[in-house]
Amino acid sequence: MIAITLHDLRFRARQFLIAVVGAGLVFSMALLLTGLANSFRAEVRRTVASVGADAWIVSNGSSGPFTAFGALPATTVDALASTPGVRAADPLVIVPETTTIDGEVHGLRLFGHRPGGMGAPEPSEGRAVRIDGEVVVDRRLGLDVGDGLDLVGRHLVVVGLVRGHTLLGGIPNVYATVSDAQRIAFQGQPLVTTVVVSGAPAAPPAGMTVLSSEAVRADTVHAMRDAIASIDNSRSLMWIVAAVIVAALMYVSALERLRDFAVLKSLGAPSWLLFVGVALQSIAVTLLAAVFALGASRVMRPMFALPTSVPVSAYVVLPIVAVVVGLVSSLVALRRAVSVDPASAFAGAM
């Protein structure tokens, strides 16, 4: 049966190649959609981890520092620093802003932090912010070290670059001093949006809520739940489309092989053996499509404006899904194969 299956694959190589390419493109789209959904979670993990805090203090009623806006007096920082259980406390001003670069408006997330304190990642190029008037920006903003950045009439100079520090679907983070962020967001008023601490206060301060880093991550990802669910549903649709493509090929192939199936049945071949032959063909097509998808996904990645981060688990799951799709697709052809009349093998022989 294996020999017959391989011979038929060679004989109908063109048909199978079309199915491999078609299913492979669908598989590659599924991989990229997986990477897109994963990038939403990964960017949140990187941003929260780069702050380096054990707990986040926000005003009561605020769901989180990235999804809600609540102001605290800057004096809260000193009060928290002397609270039992807190080893260090630093202010953060986190606000959404826009800027115009080369005539195009760009959204960004402004982080005002204390130089040398918690709140900003280590730049991959250039240096960290030291004084007012300096910023570190994510590369997605399209600026280089030495470029200027205007925010609400304040001119800032880029002194460092980071990579992968974005939020809410690729919106780049920009890191400035607390003073600059207060001038931009609060017209210079001594306010902050959250206080990050090392350690944890023994009791929540009056009128404030203490959030762990895990709670901050969960709240931020929850804000993108609809987008992530839509992507996950689209990925499931891709698997179905791939199954339909392979099933259509296998059905046509089964129609062309009816006489072969009739001969095998007349020789006493059981139905399960016919299924093995059909399933082997289908699985071979889907596994080749999975290999094709690995290369095609790399070529197609620049088509996505948003960052994609395909997890290793997706590459592990892909061949498993390919086998499942192959088995499901072969069922369509199997029904036609087992229903053929063995007598048809001798039709026209007289």
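All of these numbers come straight from a predicted model, not from anything done at the bench.

Visitor: It is not clear to me how helix 2 (residues 13-51) should be interpreted in this structure. Could you clarify?
Guide: One full turn of an α-helix is made of 3.6 residues, so residues set three or four places apart face in the same direction. Spanning 39 residues, helix 2 covers 55 Å between terminal C-alpha atoms, matching the ideal 57 Å at 1.5 Å per step. In helix 2, a bend of some 30° at Ser39 exceeds every other bend along the element. Just downstream of helix 2, Gly52 is the residue with a positive phi angle, here 75°.

Visitor: I would appreciate a short explanation of the nonpolar core in the present structure.
Guide: Side chains of nonpolar character tend, in soluble globular proteins, to be buried together. Phe27, Trp56, Phe66, Val196 and Val285 are the most contacted members of the largest nonpolar core, which has 53 residues in total. Within the residue set of this core, elements represented by two or more residues are helix 2, strand 1 (55-59), strand 3 (86-101), strand 8 (154-162), helix 6 (225-256), helix 8 (271-300) and helix 9 (312-338). Sorting elements by how many residues they give to this core places helix 2 first, with 16 residues. Once you skip the residues sitting within four places of it in the chain, Phe27 turns out to touch Trp239, Ala242, Thr286, Ala289, Ala290, Ala293, Leu318 and Ala322. Leu80, Val86, Ile184 and Met208 belong to the second-largest nonpolar core, a separate cluster that totals 31 residues.

Visitor: So what exactly am I meant to see when it comes to the packing of aromatic side chains here?
Guide: For any two aromatic rings, the description comes down to two numbers: the centre-to-centre distance and the angle of the planes. For the structure on display, the rule yields five aromatic pairs. Ring centres 5.8 Å apart and planes at 50° place the aromatic pair Phe66 and Phe111 in the tilted group. Of this pair, Phe66 sits in the loop between strand 1 and strand 2 (72-73) while Phe111 sits in strand 4 (residues 104-113), placing them 45 residues apart in sequence. Given a relative accessible area of 4%, Phe66 falls into the buried group. Feature note: the residues Trp56, Phe66, Phe111 and Tyr175 constitute an aromatic cluster, connected by ring pairs.

Visitor: Even after reading the chapter, I still don't get the environment of Leu331, so can you show me in this structure?
Guide: Within the secondary structure layout, Leu331 lies in helix 9. Accessibility expressed as a relative area gives 47% for Leu331, which makes it partly exposed. When the C-alpha positions of Leu331 and Tyr251 are compared, they lie 9.1 Å apart, and in sequence the two are 80 residues distant.

Visitor: Quick question: what am I supposed to make of the side chain of Ser39 here?
Guide: Relative to the elements of secondary structure, Ser39 occurs in helix 2. A polar side-chain atom of Ser39 sits 2.6 Å from the main-chain carbonyl oxygen of Leu36. Those residues in contact with Ser39 that lie beyond four places of it in its chain are Pro307, Thr308 and Ser309.

Visitor: Just to check I follow, could you spell out the pairing of strand 8 for this structure?
Guide: On any regular strand, side chains alternate: one points to one face of the sheet, the next to the other face. Sheet analysis places strand 5 (residues 125-126) next to strand 8, joined by two bridges and oriented antiparallel. Each residue of the ladder has a partner; that of Glu125, found in strand 8, is Leu161. Relative to strand 8, strand 7 (residues 148-151) is paired through four bridges, and the arrangement is antiparallel. Looking across to strand 8, one finds that Leu151 is bridged to Arg154. The loop that links strand 7 with its antiparallel partner strand 8 comprises two residues; one of these, Val152, has a positive phi angle of about 50°.

Visitor: Hey, could you run me through the pattern of salt bridges in this one?
Guide: Pairing is possible between side chains of opposite charge, provided their charged atoms come close. Inspection of the entire model under this criterion finds nine salt bridges. Where Asp90 meets Arg114, a salt bridge forms, and the shortest distance between an N and an O atom there is 3.0 Å. One end of the pair, Asp90, is in strand 3; the other, Arg114, is in the loop between strand 4 and strand 5, with 24 residues separating them in the sequence. Residue Asp90 is classed as buried on the basis of its relative accessible area of 8%. Residue classification places Arg114 among the partly exposed positions, given a relative accessible area of 35%. Two residues, Asp180 and Arg154, come together in a salt bridge whose shortest N-O distance is 2.5 Å. Of this pair, Asp180 sits in helix 4 (residues 178-186) while Arg154 is found in strand 8, placing the two residues 26 residues apart along the sequence. Beyond isolated ion pairs, a larger network of salt bridges with shared partners links Asp132, Arg154, Asp180 and Arg183.

Visitor: Would you mind showing me how to read the packing of helix 2 against helix 5 (residues 213-222) here?
Guide: The angle between the axes and the distance between the axes are what describe a pair of packed helices. Their axes nearest at 10 Å, the elements helix 2 and helix 5 cross at an angle of 145°. For the crossing formed where helix 2 meets helix 5, the hand is right-handed. In this structure, helix 2 uses Arg41, Val44, Arg45 and Val48 to contact helix 5, whose residues at the interface are Ser213, Val216, Arg217, Thr220 and Val221.

Visitor: Quick question: what am I supposed to make of the confidence of the model for the protein chain here?
Guide: Fine structural detail should not be taken from predicted coordinates in areas where pLDDT scores are low. The pLDDT averaged across the protein chain works out to 84; a share of 85% of its residues lies at or above 70. Looking at the elements of the protein chain, mean pLDDT is at its lowest for helix 7 (residues 258-266), recorded as 59, and at its highest for strand 6 (residues 134-138), recorded as 96.

Visitor: Sorry, what's going on with the pairing of strand 12 (residues 194-199) here?
Guide: A large share of strand 12 lies buried, amounting to six of its six residues. One ladder, built from six bridges, connects strand 3 with strand 12; its direction is antiparallel. Residue pairing across strands places Leu92 opposite Thr194, the latter belonging to strand 12.

Definitions and cut-offs
Residues numbered from 1 in each chain as written. Predicted model: local features only at pLDDT ≥ 70, side-chain atom pairs only at ≥ 80, totals over all residues. Heavy atoms only, no water. Helix = DSSP H or I, 4+ residues; strand = E, 2+ residues; numbered from the N terminus. Expected span 1.5 Å × (residues − 1). Bend = angle between axes of the 7 residues up to and from the residue. Core = buried A, V, L, I, M, F, W, Y, C linked by side-chain atoms within 4.5 Å. Buried < 20%, exposed > 50% of the residue type's maximum accessible area, 1.4 Å probe, protein only. Contact = heavy atoms within 4.5 Å. Phe/Tyr/Trp six-rings, centres within 6.5 Å; stacked < 30°, edge-to-face > 60°. Polar contact = N/O pair within 3.5 Å; in protein donor to acceptor, adjacent residues only side chain to side chain. Pairing = 2+ DSSP bridges. Salt bridge = Lys/Arg side-chain N within 4 Å of Asp/Glu carboxyl O. Axes fitted to C-alpha atoms, helices over the stretch in contact; angles between N-to-C directions. Left-handed = near helix turned anticlockwise from the far one by under 90°. pLDDT = per-residue confidence, 0-100.

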